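# Structural characterization, general
In case you want the letters, here they are:
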Amino acid sequence: MLVLSALSAIIAPFIFLVLLRMSAVKGMLFSAIIVILLSFTVWGVGSNVILASILQGTHKALTILLILFGAIVLLETLRGTGAVTRINQGFRNISKDMRVQVVIVAFLFGSLIEGAAGFGTPAVVTGPLMVALGFTPMAAAALALIADSSAVSFGAVGTPVQVGLSNVPGADLNFFQTIAVKVTQIDLLGATFVPFILILILTIFFGKGKGFKSSVPLLLWSLMVGLTYSISALLYATWFGHEFVSILAALTGLVVATVTANKGILLPKEEWKEALQEDFEEDEHASPMSLLTAWAPYLVVVALLLITRIVTPVKQFTLNVLDLSWEGILGFEGISSGWQVLYSPGTVLVVAALVALVIQRKSFSTFASASVKAVGSIKNAGLALLFTLALVQVFTNSGINGNELASMPQYIAKSLAGGFGSMWIFVAPYLGELGSFITGSATVSNLTFAPVQHSIATQTNMNSDIVLAVQVMGSSAGNMICVHNVVAASAVVGLAGKEGDIIRKTLGPALLYGALAGIGGFILLNL
């Protein structure tokens, strides 16, 4: 009964969203009710802890809604200024082939945003960009989520490693770099294939037949791009440590992908456009705006994110001014929610939208109109996030109970570990995925399960660094399927209520990535 109760946070959303195809609002409401009832009756979690957890979840939902608002308001502002049209013309000048575009926009540009921002920002930025390029909303949302995978291991300037593994015994900067190198070694198998997996999903699920056959001509090019990303990530982790792996590897990949695509190297002459929206019409009129001017707001986003996270005085200012964090909710020291408003990627995105008005010489009414559209787009997402994060926080805080039980996540981990022994390396990535699926954060997944993974590795005489590396990789794969990321990605492309359908598309790649992580870890263990 205890195992089933703990697993309810996984089973219920899967049944309601994926099998019954309910909207996230309805499905996560039912799931939250089930988890809350079981935590109260079976786990012995007090009503005051449950209420504090719900308040914590509500507060966290507001922090995510700011990011969603920022992403949509930036996109709609750039639509109004004409920058989106110019950006799309720039992408089409590189290649009009949608198979190439998904790799450049979703995987490489998304990885760059991930390395600077994290917090699920890449999918809410790249998804709308792909819709503007003509991708169907479902294709854009699913592919944006799948693409935001390998880079998540290092997230915003290394946070999933440095913060996520901070409670492992002996954690220090040398330890973080060691794990970063192990992750990139194992990910030579996974990250290399991510571009081709994206192309496969695009052609099979969103093409008009001949899905696999349509992907084969891009195999060599996609593997070249994937290898560029994965090998450069290994080199950057070895040379510089864990903080800038995603940013530098993404930039390296972007250069190689853009140059080779522009020159047609390893690419077929026939362009593939089968995933275009039915009534989509390309704007053939040459935009008077320069490409640099059009891209300037996104460059501002990356620059501000890096400055606020690297330059210490600026970081301290943004963390301490306008701090709406809620500490010790209802008196529980361990139940808190951080919200440094100026540090939030959402605020950076809003600032970039305002900067766009100046650079691209448009009136404030363009921003005002974009804001109205953004608010309308995120209304349903707000309810879905509220129910999702209520479930997440009750699940996470379930260790505060009257039955002297471990928290539900810890109980699941220990129950799983008992039955696998030396084969744990193949299961370890999926524990990381479960953590991200439920909590919506690779960093929180690592914080929750890294000590458990370390303990299991010690008990089974496995190299704990390798086991922790596959935990990190699993937590990044969980980003593809975690409910609140899916809610966010669906909201920004206008697919609120279709979250279950999106998860059905992203679940397979998430499981495959976990398998590749396990195989890579096994190989490294036996070298």
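Refer to the structure above for everything that follows.
Fair warning: this is a prediction, and the values are worked out from it, not measured in the lab.

### Here's the deal with the overall build of the protein
- Across its full length, the protein carries 22 helices and zero strands.
- In terms of overall size, the protein behaves like a compact globule, its C-alpha atoms giving a radius of gyration of 22 Å where 527 residues would be expected to give roughly 24 Å.
- Over its C-alpha atoms, taken along the principal directions, the protein stretches across nearly 70 × 55 × 50 Å.
- Taking all 527 residues of the protein together, 59% fall into the buried category.
- A fraction of 79% describes how many contacts in the protein between residues 6 or more apart in sequence connect residues 24 or more apart.
- Summed over all atoms, the accessible surface of the protein reaches about 19800 Å², with 65% contributed by carbon and sulfur.
- If the 25 positive side-chain charges of the protein are averaged to one point and the 24 negative ones to another, these points end up 7 Å apart.

### A short note on the environment of Ser23
- Topologically, Ser23 is positioned in the loop between helix H1 (2-19) and helix H2 (24-41).
- Residue classification places Ser23 among the partly exposed positions, given a relative accessible area of 24%.
- For the pair Ser23 and Gly500, spaced 477 residues apart in the sequence, the C-alpha separation amounts to 6.8 Å.
- The residues touching Ser23, leaving out its near neighbours within four places in the chain, are Leu17, Met28, Gly497 and Glu499.

### What to know about the pattern of salt bridges
- Counted under the stated rule, the structure contains four salt bridges.
- We note a salt bridge from Arg21 to Asp501, for which the minimum N-O separation is 3.8 Å. Linking Arg21 in the loop between H1 and H2 with Asp501 in helix H22 (residues 499-525), this pair joins segments that are 480 residues apart in sequence.
- Judged by its relative accessible area of 18%, Asp501 is buried.
- Residues Asp97 and Arg99 are paired through a salt bridge, measuring 2.6 Å at the closest nitrogen-oxygen approach.
- Given a relative accessible area of 3%, Asp97 falls into the buried group.
- Relative accessible area serves as the criterion here: at 4%, Arg99 is assigned to the buried category.
- Connected via shared salt-bridge partners are Glu76, Arg79 and Lys373.

### Digging into the packing of helix H13 (residues 291-310) against helix H15 (residues 345-359)
- For the pair H13 and H15, the least separation of the axes is 9 Å and the interaxial angle reads 145°. Judged by the twist between their axes, the crossing of H13 over H15 is right-handed. From H13, Thr293, Ala296, Pro297, Val300, Val301, Leu304, Leu305 and Arg309 reach across to H15, where they touch Pro345, Val348, Leu349, Val351, Ala352, Val355, Ala356 and Ile359.
- A class-by-class count of the residues in the contact of H13 with H15 yields 14 nonpolar, one polar and one charged.

### Description of the nonpolar core
- Among the nonpolar cores identified, the biggest contains 175 residues, and Val102 and Tyr298 are the most heavily contacted of them.
- For Tyr298, the residues in contact, after removing those within four places along its chain, are Leu74, Leu75, Leu78, Ile87, Phe109, Val125 and Leu129.

### Thoughts on the side chain of Ser214
- Of note, Ser214 is situated in helix H10 (residues 211-215).
- Excluding residues within four positions of it along the chain, Ser214 makes contact with Arg99, Thr203, Gly209 and Trp272.

### Digging into the environment of Leu267
- Turning to its location among the elements, Leu267 is positioned in the loop between helix H12 (245-263) and H13.
- Sequence spacing of Leu267 and Leu219 is 48 residues, and the spatial spacing of their C-alpha atoms is 9.1 Å.
- Contact partners of Leu267, with chain neighbours within four places excluded, come to Val100, Leu218, Trp221, Thr260 and Ala261.

### Looking at H1
- For H1, which comprises 18 residues, the first-to-last C-alpha distance of 24 Å matches the rise-based estimate of 26 Å (1.5 Å per residue) to within 8%.
- Bending of H1 peaks at approximately 55° at the position of Ser8.
- Within H1 the residues assigned to the buried category are Ser5, Ala6, Ser8, Ala9, Ile10, Ala12, Pro13, Phe16, Leu17 and Val18.
- Where H1 terminates, the next one or two residues include Arg21, which has phi positive at roughly 55°.

### Examining the environment of Val216
- Its location among the elements puts Val216 in the loop between H10 and helix H11 (219-240).
- Under the relative-accessibility criterion, Val216 is labelled partly exposed at 40%.
- Taking the C-alpha atoms as reference, Val216 lies 8.6 Å from Leu200; in sequence the two are 16 residues apart.

### Comments concerning unusual backbone geometry
- The phi dihedral of Leu266 falls on the positive side, at around 65°, and the residue is not glycine.
- Secondary-structure assignment places Leu266 in the loop between H12 and H13.
- Looking at Leu266, the relative accessible area reads 41%, which means it is partly exposed.
- Not every positive phi belongs to a glycine, and Glu404 is a case in point at roughly 55°.
- Secondary-structure assignment places Glu404 in the loop between helix H16 (364-396) and helix H17 (408-417).
- The class of Glu404 is exposed, set by a relative accessible area of 78%.

### Notes on a nonpolar patch on the surface
- On the surface, Met1, Leu4, Ile11, Phe14, Ile15, Leu19 and Leu20 cluster together into a nonpolar patch covering about 670 Å² of accessible area.
- With respect to the element layout, Ile11 can be found in helix H1.

What counts and how
Residues numbered from 1 in each chain as written. Predicted model: local features only at pLDDT ≥ 70, side-chain atom pairs only at ≥ 80, totals over all residues. Heavy atoms only, no water. Helix = DSSP H or I, 4+ residues; strand = E, 2+ residues; numbered from the N terminus. Rg over C-alpha atoms; globule rule 2.2 N^0.38 Å. Buried < 20%, exposed > 50% of the residue type's maximum accessible area, 1.4 Å probe, protein only. Contact = heavy atoms within 4.5 Å. Areas by Shrake-Rupley, 256 points an atom, 1.4 Å probe, with all protein chains shown as cover. Lys, Arg positive; Asp, Glu negative; His and termini not counted. Charge placed at Lys NZ, Arg CZ, Asp CG, Glu CD. Salt bridge = Lys/Arg side-chain N within 4 Å of Asp/Glu carboxyl O. Axes fitted to C-alpha atoms, helices over the stretch in contact; angles between N-to-C directions. Left-handed = near helix turned anticlockwise from the far one by under 90°. Nonpolar A, V, L, I, M, F, W, Y, C, P; charged D, E, K, R; others polar. Core = buried A, V, L, I, M, F, W, Y, C linked by side-chain atoms within 4.5 Å. Expected span 1.5 Å × (residues − 1). Bend = angle between axes of the 7 residues up to and from the residue. Patch = residues over 30% accessible without salt bridge, like charges linked within 9 Å, V, L, I, M, F, W, Y side chains within 5 Å.

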